[in-house]
Amino acid sequence: MQLPYYINGEWRKSSSNETVKIYSPYKDGVVGEVQAITREEVDEAIKLAAEAQKAWAELSIRERATYLYRWIDELLAMKDEIADIMMQEVGKTFADAQKEVERSADLIRYNIEEAIHMYNESMSGENFPGGSKQKIAIVERVPLGVVLAISPFNYPVNLSSAKIAPALMMGNAVIFKPATQGALSGIKMIEALHKAGIPKNVVNVVTGRGSVIGDYLVEHKGINMITFTGGTATGYHIASKAKMVPLVMELGGKDPAIVLPDADLKLATGQIISGAFSYSGQRCTAIKRVLVQDEVADQLTDMLAAEVAKLSIGSPEDKATVVPVIDTKSADYIQGLIDDAIEKGAKVLTGNKREGNLIHPTLLADVTLDMRVAWEEPFGPVLPIIRIKDAEEAIEIANKSEFGLQASVFTNDINKAFHVAKKLETGSVQINGRTERGPDHFPFIGVKGSGVGVQGVPKSLQSMTRDKVTVLNLQ
Ligand SMILES: NC(=O)c1ccc[n+]([C@@H]2O[C@H](COP(=O)([O-])OP(=O)(O)OC[C@H]3O[C@@H](n4cnc5c(N)ncnc54)[C@H](O)[C@@H]3O)[C@@H](O)[C@H]2O)c1
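Reading the values: rules and limits
Residues numbered from 1 in each chain as written. Predicted model: local features only at pLDDT ≥ 70, side-chain atom pairs only at ≥ 80, totals over all residues. Heavy atoms only, no water. Pairing = 2+ DSSP bridges. Helix = DSSP H or I, 4+ residues; strand = E, 2+ residues; numbered from the N terminus. Axes fitted to C-alpha atoms, helices over the stretch in contact; angles between N-to-C directions. Near = heavy atom within 4 Å. Polar contact = N/O pair within 3.5 Å; in protein donor to acceptor, adjacent residues only side chain to side chain. Areas by Shrake-Rupley, 256 points an atom, 1.4 Å probe, with all protein chains shown as cover. 1 Å grid on protein atoms, 1.4 Å probe; cavity = no way out; pocket = protein on both sides within 12 Å on 5 of 7 lines; lining within 4 Å. Sits in = over half its atoms within 2 Å of the grid points. Points joined across faces, edges and corners; volume = space filled by probe spheres on them. Nonpolar A, V, L, I, M, F, W, Y, C, P; charged D, E, K, R; others polar.

Undergrad: Summarise the sheet that holds strand β7 (residues 135-143); cite the residues concerned and give the values.
TA: Strand order in the open sheet made by the three strands is β6-β7-β27, with antiparallel pairing throughout. With one partner strand each, in any of the chains shown, β6 (121-124) and β27 (465-473) form the two edges of the open sheet. For this sheet, the mean angle separating the axes of adjacent strands, direction not counted, is 25°. In this sheet, β7 lies alongside β6 in antiparallel orientation, the contact comprising four bridges. In the sheet register, Glu 121 faces β7, and the bridge partner there is Val 139.

Undergrad: I'd love a proper account of the site of the ligand, names of residues and values included.
TA: Near the ligand lie 27 residues; those nearest to it are Ser 151, Gly 231, Thr 234, Leu 251 and Glu 377. Between the ligand and the protein, one listed contact pairs an oxygen atom with a backbone N or O atom of Ser 151 at 2.8 Å. Here Phe 153 contributes a backbone N or O atom positioned 3.1 Å from an oxygen atom of the ligand. Compared with its free state, where it exposes 850 Å², the ligand has 83% of that area covered by protein. When each cavity is represented as a set of grid points, the ligand is found to reside in the largest pocket. Those elements that provide at least two residues to the shell around the ligand are α7 (210-219), β11 (225-229) and α8 (232-241).

Undergrad: Hey, could you go over the layout of surface pockets for me, with residue numbers and the actual values?
TA: Volume-wise, the largest pocket comes out at about 1,400 Å³. Every residue lining the largest pocket is counted, 47 residues in all, and those nearest its centre are Phe 153, Gly 230, Gly 231, Thr 234 and Lys 329. Residues belonging to the lining of the largest pocket are distributed by class as follows: 20 nonpolar, 17 polar and 10 charged. In this structure, the second largest pocket occupies an estimated 650 Å³ of space. Along the wall of the second largest pocket there are 26 residues; nearest its centre are Lys 99, Arg 103, Tyr 155, Arg 283 and Arg 434. Examining the composition of the lining of the second largest pocket, we find that seven residues originate from one element, helix α4 (residues 94-116), more than from any other. Residues of the lining of the second largest pocket, tallied by class, amount to nine nonpolar, six polar and 11 charged.

These values are about where atoms sit, not about what they do.
Structure (structure tokens):
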């Protein structure tokens, strides 16, 4: 399958006559190819988007909504087709990929409805000392212009629609750059928007080699805002290259599950296992370390090991929970973290077995703070268990991380839970539940190396706009 890129309401082959090959994480051979577009084609995509944005912003919000409602219908009609491609290119089970398309439809709908119910503000001058009632400010939310949306491989439809839908509803045009693995699903998602009749150039899709178009896009003076989800190193790089434009960045994480002695261990075990190992831990909000208090550490460790043994391992085509990770580089990196931990004295309770890109779920006990796995994000099915003496030590270790996405606290003492939650330097804290982004309207925030800005609804809608003030000076 060789897919074109999307510009001027048309599907085009690049003048470069080159493509980027997309390999499957779990089966041999190329699953598809996308266009390796040139910088001149990027220029054209951005220029046409800037022109189209003006007319798009002129439409009423309800008119824009009609296109997005139709997008939902077309997306759902293509659900199985998209899910099949997604399974092949990112190695997610067909059922999970179908759910991702449905979840994206719900998210687009929620964005539409929230946007329709947003109102502007007005302010009276009289509130400020010396001010007057005769001065009235009308504060409107206006679009930013051309939004560059860059998404990662792991939720190629959901994390792309989470950017594109709010940008469009608020009157922006979008340049969408999907991740290479994920580009086929991303392009198919835009095919649904094309079928929905979206005016030409309101969304253009660019694909290609990072070395040719990556920095070029980010630095382009035609881009008015960047919304990015991906790794922390890429995020820092993009932030250093971007011109003076608003940035929303959702990056990596090292989410801890803090387990205190009075926790419901059965609940904690279930939440930690699904949090750490579903889709092989390739989730930004996967639980990536367990910080358990000494008194219950042996018991929790045994319970976790018993549950890991029950996980299905294999191909997404066989509906396995633990599937091959995205590519060989990633598998090598994960294995490197396991090897380093073993060398420094960690005990392998289960796992440490590799077949190609398939890393068996690996539970590591006796993990100490000198091990890389205590700090680095594996983005794979590896869970280190670190013992702590009390909640204060858990807070200290949790906060030493370069990341600050989410954290879980398991305890039956709500006061203690709040005390710990307040001190954790993360965007969100889950009390007695696994770390996760959904429901998708909740604010989703990464701090420190985990990002900047807020996603969710209505936060994403707000971040795609700026304030515009018109002051009435009545006589
Ligand atoms: N916090 C969140 O919301 C969230 C959600 C999902 C994934 N993630 C993170 O994403 C990472 C995994 O995803 P990935 O491997 O696709 O990440 P990645 O950083 O390798 O790539 C993300 C995107 O950036 C693009 N990119 C790379 N270099 C670029 C450049 N110089 N200019 C412009 N674009 C460039 C890639 O092509 C891709 O589209 C993990 O670290 C994970 O934690 C975070």
